[in-house]
Amino acid sequence: MADEQLSGLATAAKYYSDYGSRARELKSMGKKVIGYFSSLCPVEILTAAGVVPVRMKGNVSEAITRADAYMETMICPFVRNVFDAAIKGKYRYLDGMVMPHQCDSLDRTSDIWDYNLGFQYYHFLNYPHLADDPSIEFTNEILRIFIGTLEKFTGRNITDQALADAVRAHNNNRRVMRELYGLRKEDVPRISGAEMMQVLIAAVSLPVDESTALIRRVTEEVTNRAPGFSAKKARIMLVGDQIDDIAIVNAIEGTGAHLVMDDLSVGSKMYWDDVAETGDLIQGITDRYLNKLKIPTTFVSAGNTYEENLEARFGHVKSHIKDFNVDGVILFIYKYCDPYGFEVPAIKSYIESVGTPVIYIEDEYSTSSLGRVKTRIEAFLEMIAG
Amino acid sequence: MTQVESGNYFAGVDIGSTMTKVVILGEGKEFCLIGPTGPEHRKMANRVMEEALRSASISLEDLTYIIATGYGRINVPFADRQVTEITCHAKGMARLIPSARTVIDIGGQDSKGIRLENGKVIDFVMNDKCAAGTGRFLEIIADALGVPLTKLGELSLSAEKPASISNTCTVFAEQEVISQLAAGESIPNLVAGIHQAAATRIHAMVSKLKFERDVAVTGGGAKNQGLVKALEAKFGFSLLIPGEPLVTGALGAALIGKEMCARAARKGVTLARKPRQLSEASFCC
Amino acid sequence: MSEIRKPRALATQAAGKAGKFGRANLAATLKAKEEGKKVAYMYINNGQDEIVRAMDIVPAWSENFAGVCSAKRDAEKFLQKAEAENFSRSLCTYATCTIGFDIWREELGEIPPNTPWGGMGRPDMIIGSAQQLCDPRIKWPQATQHYLRDVPVWMGTMYYPPWDQISDHRDQEELYVKYATEELRALVRFCEQHTGKKMDWDRLEAIVNLSDRTWDVFIDTYELRMAIPTPMDTGDAMNTMVPLTFNLGTQEAYDFYKELYDELKEKIALKKGVTENEKYRLVWGAGLPSWFALSDFQYFNDKGAVFPVETTYRNAEKIERLDLPKTNDPLEHIAWRWVRIWTHWYDKARKRPGSLPKVERIIEYLEDYHCDGVVFHCAYSCRSWHAGIIQQEQVLKKAYGDVPTLIMEGDIVDISSYNEVDTHNRIDAFMETLGAMKRKERANSAGP
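If you're wondering where the values come from, they're calculated on a predicted model, not measured in any experiment. (Residues numbered from 1 in each chain as written. Chains lettered and ligands numbered in written order. Predicted model: local features only at pLDDT ≥ 70, side-chain atom pairs only at ≥ 80, totals over all residues.)

Asker: Could you clarify how one ought to interpret the overall build of chain C in this entry?
Answerer: What chain C contains, in helices and strands, is 18 helices and eight strands. In summary, chain C has a C-alpha radius of gyration of 22 Å against a globular reference of 22 Å for 448 residues, a match within 12%. Each of the three principal axes of chain C carries a C-alpha extent, and together these read 75 × 55 × 40 Å. Pairs at least 24 apart in sequence give 77% of the contacts found in chain C among residues at least 6 apart. (Helix = DSSP H or I, 4+ residues; strand = E, 2+ residues; numbered from the N terminus. Rg over C-alpha atoms; globule rule 2.2 N^0.38 Å. Contact = placed C-beta atoms within 7 Å.)

Asker: Looking at this structure, how should I read the overall build of chain A?
Answerer: Per the secondary structure count, chain A includes 17 helices and eight strands. Against the 2.2 N^0.38 benchmark of 21 Å for 386 residues, chain A shows a C-alpha radius of gyration of 20 Å, consistent with a compact globule. With the C-alpha coordinates of chain A rotated into their principal frame, the extents come out at 60 × 55 × 50 Å. When burial is assessed residue by residue, chain A has 56% of its 386 residues classed as buried. (Buried ≥ 20, exposed ≤ 12 C-beta atoms within 10 Å, placed from the backbone.)

Asker: Could you clarify how one ought to interpret the interface of chain A and chain C in this entry?
Answerer: Interfaces are frequently sized by the accessible area removed from exposure as the parts join. At the junction of the two partners, chain A supplies 41 residues and chain C supplies 39 residues. Grouping the amino acids of the side of chain A that touches chain C by side-chain chemistry returns 21 nonpolar, nine polar and eleven charged. (Nonpolar A, V, L, I, M, F, W, Y, C, P; charged D, E, K, R; others polar.)

Asker: What exactly am I supposed to notice about the interface of chain B and chain C here?
Answerer: Taken together, the contacts link 13 residues of chain B with eleven residues of chain C. Breaking the side of chain B that touches chain C down by element, the ones donating at least two residues are helix 5 (170–182) and helix 6 (187–207) of chain B. Among the elements that line the side of chain B that touches chain C, the one with the most residues is helix 5 of chain B, at five residues.

Asker: Please explain unusual backbone geometry as it appears in this structure.
Answerer: The residue after Arg213(B), namely Asp214(B), is reached through a cis peptide bond having omega 0°. With respect to the helices and strands, Asp214(B) occurs in the loop between helix 6 and strand 9 (215–218). Look at the link from Ile228(C) to Pro229(C): it is a cis peptide, with omega at -5°. Note that Pro229(C) resides in the loop between helix 8 (201–223) and helix 9 (234–246). A positive phi angle, near 60°, is found at Asp56(C), a position not held by glycine. Structurally, Asp56(C) can be placed in the loop between helix 2 (49–54) and strand 2 (58–61).

Asker: Just to check I follow, could you spell out the sheet that holds strand 4 (residues 63–69) of chain B for this structure?
Answerer: Backbone hydrogen bonds are what pair the strands of a sheet, in a parallel or an antiparallel way. Residues and elements named next belong to chain B. With respect to topology, five strands assemble into an open sheet ordered 3-2-1-4-5, the strand pairing being mixed. Bordering the open sheet on either side are strand 3 (29–36) and strand 5 (81–82), each of which pairs with just one other strand. In this structure, strand 1 (residues 9–15) lies alongside strand 2 (residues 19–26), joined through six bridges in antiparallel fashion. Each residue of the ladder has a partner; that of Ala11, found in strand 2, is Ile24. Sheet strands touched by helix 8 (residues 248–267): strand 1, strand 2 and strand 4. Its angle to strand 1, the strand with the most contacts, is close to 140°. (Pairing = 2+ DSSP bridges. Axes fitted to C-alpha atoms, helices over the stretch in contact; angles between N-to-C directions.)

Asker: How should the environment of Pro39(B) be read in this particular structure?
Answerer: Residues and elements named next belong to chain B. Relative to the helices and strands, Pro39 is located in the loop between strand 3 and helix 1 (41–56). Among the residues examined, Pro39 registers 6 C-beta atoms within 10 Å and is labelled exposed. Each C-alpha atom of the pair Pro39 and Ser17 lies 9.1 Å from the other, and the pair is 22 residues apart in sequence.

Asker: Can you help me understand the sheet that holds strand 1 (residues 33–36) of chain A in this one?
Answerer: Residues and elements named next belong to chain A. Spatially, 2-1-3-4 is the arrangement adopted by the four strands of the open sheet, whose pairing is parallel. The sheet is open, and its two edges are formed by strand 2 (52–55) and strand 4 (121–125), each paired on a single side. Each strand of the sheet is rotated relative to its neighbour by a mean of 20°, with strand direction disregarded. Relative to strand 4, strand 3 (residues 96–100) is paired through five bridges, and the arrangement is parallel. Note on strand 4: the bridge partner recorded for Met97 is Tyr122. Packing of helix 7 (residues 133–154) onto the sheet brings it into contact with strand 3 and strand 4, and relative to strand 4 it is tilted by some 180°.

Asker: Can you walk me through the nonpolar core in this structure?
Answerer: Within soluble globular proteins, side chains that are nonpolar generally end up buried alongside one another. Formed by 317 residues in total, the largest nonpolar core has its most connected members in Ile236(A), Met237(A), Ile330(A), Ile194(B), Ala40(C), Ala180(C) and Val283(C). Element by element, the count of residues in this core is highest for helix 6 of chain B, at eleven residues. (Core = buried A, V, L, I, M, F, W, Y, C linked by C-beta atoms within 7 Å.)

Asker: Whenever I open this one, helix 1 (residues 8–17) of chain A confuses me. Can you help?
Answerer: Each α-helix winds once per 3.6 residues, and so residues spaced three or four apart point in a common direction. Residue and element names in this part refer to chain A. For helix 1, the complete set of buried residues consists of Gly8, Thr11, Ala12, Tyr15 and Tyr16. Seen end-on, helix 1 carries its buried residues on one side only, within an arc spanning 135°. Where the residues of helix 1 are buried, they touch helix 2 (21–28), helix 9 (193–203) and helix 10 (208–223). (Arc of directions from axis to C-beta.)

Asker: What exactly am I supposed to notice about the confidence of the model for chain C here?
Answerer: Predicted coordinates in areas of low pLDDT are best not read in detail. A residue-level look at chain C finds 97% of positions with pLDDT of 70 or above and a mean pLDDT of 94. We note a pTM of 0.93 for the whole complex and an ipTM of 0.95 for its interfaces. (pLDDT = per-residue confidence, 0-100.)

Asker: Looking at this structure, I do not really get the packing of helix 8 of chain C against helix 10 (residues 251–269) of chain C. What am I missing?
Answerer: Helix-helix packing is described using two parameters, namely the angle between the two axes and the distance between the axes. Residues and elements named next belong to chain C. Where helix 8 contacts helix 10, the two axes come as close as 9 Å, and the packing angle between them is 20°. The pairing of helix 8 with helix 10 is recorded here as roughly parallel in orientation. Read as a crossing pair, helix 8 and helix 10 show a hand that is left-handed. For the pair formed by helix 8 and helix 10, the contact residues are Leu210, Arg213, Thr214, Val217, Phe218, Asp220 and Thr221 on the first element and Gln251, Ala253, Tyr254, Tyr257, Lys258, Leu260, Tyr261 and Leu264 on the second. (Parallel < 35°, antiparallel > 145°, perpendicular 65-115°, else oblique. Left-handed = near helix turned anticlockwise from the far one by under 90°.)

Asker: Please clarify how helix 7 (residues 170–195) of chain C should be interpreted in this entry.
Answerer: With 26 residues, helix 7 of chain C extends 38 Å from end C-alpha to end C-alpha; this agrees with the ideal 38 Å at 1.5 Å per step. By the burial criterion, the buried members of helix 7 of chain C are Gln172(C), Tyr176(C), Val177(C), Tyr179(C), Ala180(C), Thr181(C), Glu182(C), Glu183(C), Leu184(C), Leu187(C), Phe190(C) and Cys191(C). Residues of helix 7 of chain C that are buried make contact with helix 7 of chain A together with helix 2, strand 4 (153–156) and helix 13 (330–343) of chain C. Where helix 7 of chain C terminates, the next one or two residues include Gly196(C), which has phi positive at roughly 70°. (Expected span 1.5 Å × (residues − 1).)

Asker: Could you clarify how one ought to interpret the environment of Ala49(A) in this entry?
Answerer: All names here are of chain A. In this fold, Ala49 is placed in the loop between helix 3 (43–48) and strand 2. As a C-alpha pair, Ala49 and Glu362 span 313 residues in sequence and 38 Å in three-dimensional space. With near-sequence residues (within four places) excluded, Ala49 lies in contact with Leu150, Thr154 and Ile158.

Have a look at this one:
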């Protein structure tokens, strides 16, 4: 493993700022690298196939200059930004890509990625939006089809043993990340929100075992930090989809608040639930990604009443607020996002009903409007402080 | 509010996108100064501050506490603390119009809605980067029509029938106005129409707050009678405007400084202060 | 400038009658309570309408309601109502318009004043469809329920195998059909539970059979538009789509297209076209129209351009062309019809390197309907149908040849996303391109 001399946090910072650098190294050593979108991608299967999975991300500081010739401007600004990076050659090191069906902005641009980037391997993983029994059975089948395409691509079978090992490795990865999250429950968290964001991003750019080792090193380092003493600061939780840059975190922490928790698709959503290690592993994977993972594109109908449904959809947010002693929630939603946008009134009033103030910010995947966002965050913190 | 010792002065500096406002609060006295912001915030902050100090016949060192607010608040090197304009507007309005429960601030680059209780913010909204419903929107249209910005309000009051402007996107609206002008629509009708379009956007934004009355308007937009009239039509009741709407934020900032000092004094702590110099050394950022 | 807008002239009698279907559908939702019937909010092209018809549930088509508000240029008040609840203006405006109406109706306890065409009745249930068609189909029912908490929401799915250049969709069709069939069966159970009635399977089979025949007569009728000059334009088709889209499985829908068939036949015999001087024939390549600016079709027609064909709302095919496997289960038949309406373009696309099924469809229409160019419309708030239009345009030019194309911009409901001046400028420039191309063609064919 590279960079033993660097501290864990410094390694995370390095992988964060030179995103994909480890995957490029592994590629030069003959490994195959597969990019993927969304917290829906069953990374266990990619790991079992012996490829290096890399979560696709963009760059909020980079203006979109080339994607507009391929993608309409009302497509998700995050997706357009990543495509802009890809068409400019930033993902040239990928051998292939997996596109899970999460939302229209991914589904409707799937051909654009496939046709214009010329990857050797491309797979649209057609997840359903439902988690009822027929959908579970259907998902088991499309996961088997996915496995088949990977086997064809790599030229080797994914054995039951390889899948079992991968499931265990990813569960382990989630467990150590949850432990690191746990250190944020203290009055003065041992790890800042910005550091945490760097770890989260570095973690999804590495093979699972390297990712786990990195998280462990970081955990050890920050555990050894002297406990912090400071005046009481507001404890903030950030809710949204793929917020993968420290710019917004710095905007929050720069005002003197602690970012102590998130419900993000590159954050706690990825780490809170495991795949069952016993029984049919495919069934376990389906269950993890359709039933346990709470994202707005998977329809939840667990309750008999609307209120029970709300609990099933957002109950985990309430638990996080309690466990991490959250004072205020920033709901940061990208413009043009139907899945998240349509649930803003529901999630906002749900969180407010437990007595926690919420600010809803709609923005693009860009730092161009950060000044305005900062003003709103500062005013929100002033409001909480009373 | 705790009585402040004599000789204490508190300043609020509000650097908006177009205007810089300074309020100095002394015992029983208030001094307000307003000047354009321009591209170099620091220089202008200094100039407006100097003039305000001159009219109060005090020096910068005499200021006990200085709070900067507004969009350029971080560019005030001599300010002891920065507070957002949202919090400051609420505080300032509570003083100017105590019955106000909702404040609409219509500034040059943005507009905001604020709900307040006892001078504290309880909820707020702010426009996204779209300029509709801000001073900038009106400025661009005024330009397109060849009308001075300051004349917009007056002109719209002479409209016979406000033109219907369906676009709120600034660029689209500009084109729509030009094409209607070419088709023979009168300038007063167009100006009134554009005020309606801006009022519609502002009303839609403020409606997110579940606002309560009284509703007061502040910022540069409050000085535009045409816009206020269009807003009143949209809200269906009259809106309250303070005597000098531009200084609400700066006044709020000065009041917050005064309260903070009083609170610190009660606790027996001293607040950290920045050096009292109008340095012009660091424009370069 | 709404005062000086010319209403669109309708070229066919039938198009004028289509509006009656829309009005009657909305009226039925208001009368349902008196008649002891249940009302269900539904979303078009869901494969669920025949079941609902067979159960005597009255469908309330939310997209149609929003479209009517848009066409009447009276949607803004509803959009603002939704905006005040923090629904972003960038979300699907069919949804936000209807949700705004719902919120208002709940507040008043009755239909809000001056609602276009009398509005929609309060639903007894919401039947959503988590298809691979559009995200708002799952989020909109959920968001509506936030304001109508007692109304049950049922969500089903109807997926189809995704297009893939290298794998054969036939290997997956049965999986998708099985899944869709089970979802439809679950919908039957939901309807039975909420109406207290049992499904009459014979009746459902008869309705499905009638739908098949309606699809056939619909396509036969629309293919008459291949005639030169074309007897019917896309501007009309945006009206004549109503019975197929909202009244499938009813005798009235079938009769409507029969009548339209006869009318078009008559016009063809008389060589009566949409315009006096048909200069350019265009494919409406993709996109829902700006309902508030349907007069733009007239703008095209006035310049001698007609649309003999469109991909939009042509959600049918001749049944025999789909080559559906035999089944005695009407639900499975619906599922096969649904899957094949997508996959039956796949083989064609596979044969032309670099092509796409959606593009093959455009190419087929270009050729069969003797068209000169393709117009797309990109509606700002709808990603589902409008994300990927640039790609279709590019693939068309790359895989097929340099066809003149135009992408217009607007929205389905929100007028503030539309710029009439700019749209007309773009159309004018496009007409000049078409003219130049025609002159070049003539020069080439005159040849040395």
